[in-house]
Amino acid sequence: MPNERILILDDDPLVGQTIALIAEGAGLEARSTSDPEAFFRELEEWNPTHIALDLVMPELDGVEVMQRLAERGCQANIVITSGVGSRVLDAARRSATEHGLNVLGVVSKPFSPATLREALGHPSEGSSSSLPRKSPESNLFEVTESEIRKALDQKNFYAVYQPKVNCDTGSMSGFEVLARWAHPEVGLIMPDRFIPVLESCGLIDEFTEQMFQQSLHWLAENYLTSDYCLAVNISAQSLVDFHLGDSVSHLCQQLMIDPGRLILELTETRAMEDAAKSLYLLTRLRMRGFQLAIDDFGTGYSSMLQLVRLPFSEIKVDKSFVMAALGSEESRTVVKSIIDLGHSLGLRTVAEGVEDQKTLHFLRSVGCDLAQGYYISRPMNCDSVRGWISEWQARTKVSEFTERPLLH
Ligand code: G
Ligand code: G
Ligand code: MN
């Protein structure tokens, strides 16, 4: 995997250096310049994966630079930085996106290191002090079976939690559990790197069991009397013979958690092509009381059939459609159709990848039940959940969430 490299263009060299330092702290290589010509030379020669761009510069404004980037078909992830008002920044972001550029985020100056790291897609996730940082080595580190084995034995995998809320009222519905690996030497490793290895080594069930243990104990200790649901991702491979079902049932009993509060998220795959077998397996899980969600809906190839045939309770609209909704009529149509389809089958509908208020308003207008995404919260460390819930409750009360009273 190539290293991540960020090229910074800012007319104030000191600001450029600061951004470079923060980016390096988040595990990226960084180069910074205040000269637009040098910037375009570096762009050709160094081929950065990320760009940080000051919107207002004396010699050449950032909008012009973006136009030139678009003409070159630049595919780097762009973060726009600026001291100008957020309306202007939003407009610049829209214009860049419409020109085919990948805008990761916009940060207005002055910004904190955490804000910038978040925009770069390297958030500190809750209290950064207690969590591992992604280091430059983590991208080069080879995930081997023996490393995975060690991580399972030493319990180095941990759960982070991303909230799901009601689109209409903002009330909390529950959390999706997402896995992270805190490697003692290389730092934070994301699931896209280790889940495939866990699967190919036949260790995925043991791993999933650890995620259940951790997250269900956390739920029981903190929110036993609430009705928050917990959604856990299940690999298609675990469905071949789901003996995990027994241990999870047992765990629920032991912790006095209603299995109905547990949602198993399955991604539609070829593993479900064996219709009779998957129907049998999934029906047994439903009979034990678990809920089933079909994840990343719309990206697979036999979605409709599986949806109608299998006993799902929830459908999660893939984030690619949700994130494109504001900018594309087609995506809005897809989102609305999936929601209507889900409802016509009696399923709860969830939109993933909700990154701003306007998208939330759109989802509400098409009758989506629940929303999940960075606008509500990034996945967070368990220590941060309680604080986030109070903040969220305050946010929904003062209507920052909707610009109008939520309970109507
Ligand atoms: O947070 P994000 O980068 O968190 O997750 C990336 C992908 O990894 C998602 O598709 C998610 O479904 C998957 N993933 C995260 N945690 C788990 C897990 O505990 N089990 C499985 N099977 N997949 C997971
Ligand atoms: O299991 P699934 O593939 O649906 O995993 C959800 C993935 O989506 C995780 O990697 C999570 O970190 C990511 N995610 C959640 N909310 C958002 C969002 O608002 N924007 C983006 N870009 N990703 C998100
Ligand atoms: Mn999921």
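Residues numbered from 1 in each chain as written. Chains lettered and ligands numbered in written order. Predicted model: local features only at pLDDT ≥ 70, side-chain atom pairs only at ≥ 80, totals over all residues. Heavy atoms only, no water.

**Student:** Talk me through the packing of aromatic side chains; I want residue IDs and the actual numbers.
**Tutor:** Going through the model one piece at a time under the given rule, you end up with 15 aromatic pairs. Measuring from ring centre to ring centre gives 5.3 Å for Y223 and Y228, while their planes differ by 55°; the resulting arrangement is tilted. Like Y223, the residue Y228 is buried in the burial classification. By way of ring pairs, the aromatic residues F141, F157, W181, F194 and F207 are connected into one cluster. The positively charged end of R378 is found above the aromatic ring belonging to Y374, 3.8 Å away from the centroid. (Phe/Tyr/Trp six-rings, centres within 6.5 Å; stacked < 30°, edge-to-face > 60°. Buried < 20%, exposed > 50% of the residue type's maximum accessible area, 1.4 Å probe, protein only. Lys NZ or Arg CZ within 6 Å of the ring centre and 35° of its normal.)

**Student:** Please provide a residue-by-residue account of the site of ligand 1, values included.
**Tutor:** As a structural note, the neighbourhood of ligand 1 is formed by L178, A179, R180, M190, P191, D192, I195, F207, M211, N233 and S235. One of the side-chain nitrogen or oxygen atoms of N233 is found 3.4 Å away from an oxygen atom of ligand 1. Protein chains shield 76% of the accessible area of ligand 1, which is 490 Å² for the free molecule. Counting only elements with at least two residues in the shell around ligand 1, the list comes to β7 (172-183), α8 (191-200) and α9 (204-223). Looking at the shell around ligand 1 residue by residue, the classes come out as seven nonpolar, two polar and two charged. (Near = heavy atom within 4 Å. Polar contact = N/O pair within 3.5 Å; in protein donor to acceptor, adjacent residues only side chain to side chain. Areas by Shrake-Rupley, 256 points an atom, 1.4 Å probe, with all protein chains shown as cover. Helix = DSSP H or I, 4+ residues; strand = E, 2+ residues; numbered from the N terminus. Nonpolar A, V, L, I, M, F, W, Y, C, P; charged D, E, K, R; others polar.)

**Student:** Quick one: what's the story with helix α7 (residues 145-153), residue by residue and with numbers?
**Tutor:** Of the residues making up α7, those classed as buried are E147, I148, A151 and L152. Taken end-on, α7 shows its buried residues confined to a sector of 135°, consistent with a single buried face. For α7, the exposed residues set more than 90 degrees away from the buried face come down to S146 and D153. On the buried face of α7, the contacting elements are β6 (157-166), β7, α8 and α9. The positive-phi residue at the C-terminal boundary of α7 is K155, with phi of around 55°. (Arc of directions from axis to C-beta. Contact = heavy atoms within 4.5 Å.)

**Student:** Lay out the site of ligand 2 with the relevant residues and their values.
**Tutor:** In the vicinity of ligand 2, 14 residues are found, and the nearest of them are Q162, D295, E352, E355 and Y374. Contact between ligand 2 and E176: an oxygen atom at 3.2 Å from a side-chain N or O atom of the residue. The separation between an oxygen atom of ligand 2 and a polar side-chain atom of D295 is 2.9 Å. Relative to its free-state accessible area of 520 Å², ligand 2 is covered by the protein chains to the extent of 79%. Those elements giving two or more residues to the shell around ligand 2 turn out to be β11 (291-297) and α13 (319-324).

**Student:** Requested: an account of the sheet that holds strand β1 (residues 5-9), with residues and values cited.
**Tutor:** An order of β2-β1-β3-β4-β5 is seen for the five strands of this open sheet, with the pairing classed as parallel. The two strands at the open ends of the sheet, each matched to only one other strand, are β2 (29-33) and β5 (102-108). In this sheet, neighbouring strand axes are inclined to one another by 20° on average, regardless of whether the strands run parallel or antiparallel. Pairing of β1 with strand β3 (residues 50-54) involves four bridges; the strand directions are parallel. Each bridged residue has a counterpart across the sheet, and for L7 the counterpart in β3 is I51. Contacts from helix α3 (residues 62-71) reach β1, β3 and β4 (77-82), with the element oriented near 150° to β3. (Pairing = 2+ DSSP bridges. Axes fitted to C-alpha atoms, helices over the stretch in contact; angles between N-to-C directions.)

**Student:** Tell me about the nonpolar core, residues and numbers included.
**Tutor:** A general feature of soluble globular proteins is that nonpolar side chains tend to end up buried together. With 79 residues, the main nonpolar core has I148, F194, L216 and L363 as its most contacted residues. Per-element tally for this core: the top contributor is α9, with nine residues. Setting aside residues up to four positions removed in sequence, L363 forms contacts with C167, V322, V335, I339, A351, V354 and C368. Residues L43, I51, V65 and I78 belong to the second largest nonpolar core, which totals 22 residues. (Core = buried A, V, L, I, M, F, W, Y, C linked by side-chain atoms within 4.5 Å.)

**Student:** Any chance you could break down the coordination of the manganese ion (ligand 3) for me, citing the residues and the numbers?
**Tutor:** Octahedral metals with six donors have ideal donor angles of 90 or 180 degrees. Tetrahedral metals with four donors have an ideal donor angle of 109.5 degrees. Here the manganese ion (ligand 3) is held by E176 (OE), N233 (OD1), E265 (OE) and D295 (OD), and the distances to it run 2.1 to 2.4 Å. In the primary structure, the donors to the manganese ion (ligand 3) are separated according to the pattern E-x56-N-x31-E-x29-D. Highlighted residues: N233 in strand β9 (residues 229-234) and D295 in strand β11, separated in sequence by 62 residues. (Donors = N, O, S within 2.8 Å, 3.2 Å for Na, K, Ca; no water.)

Keep in mind these numbers describe shape, not what the thing actually does.
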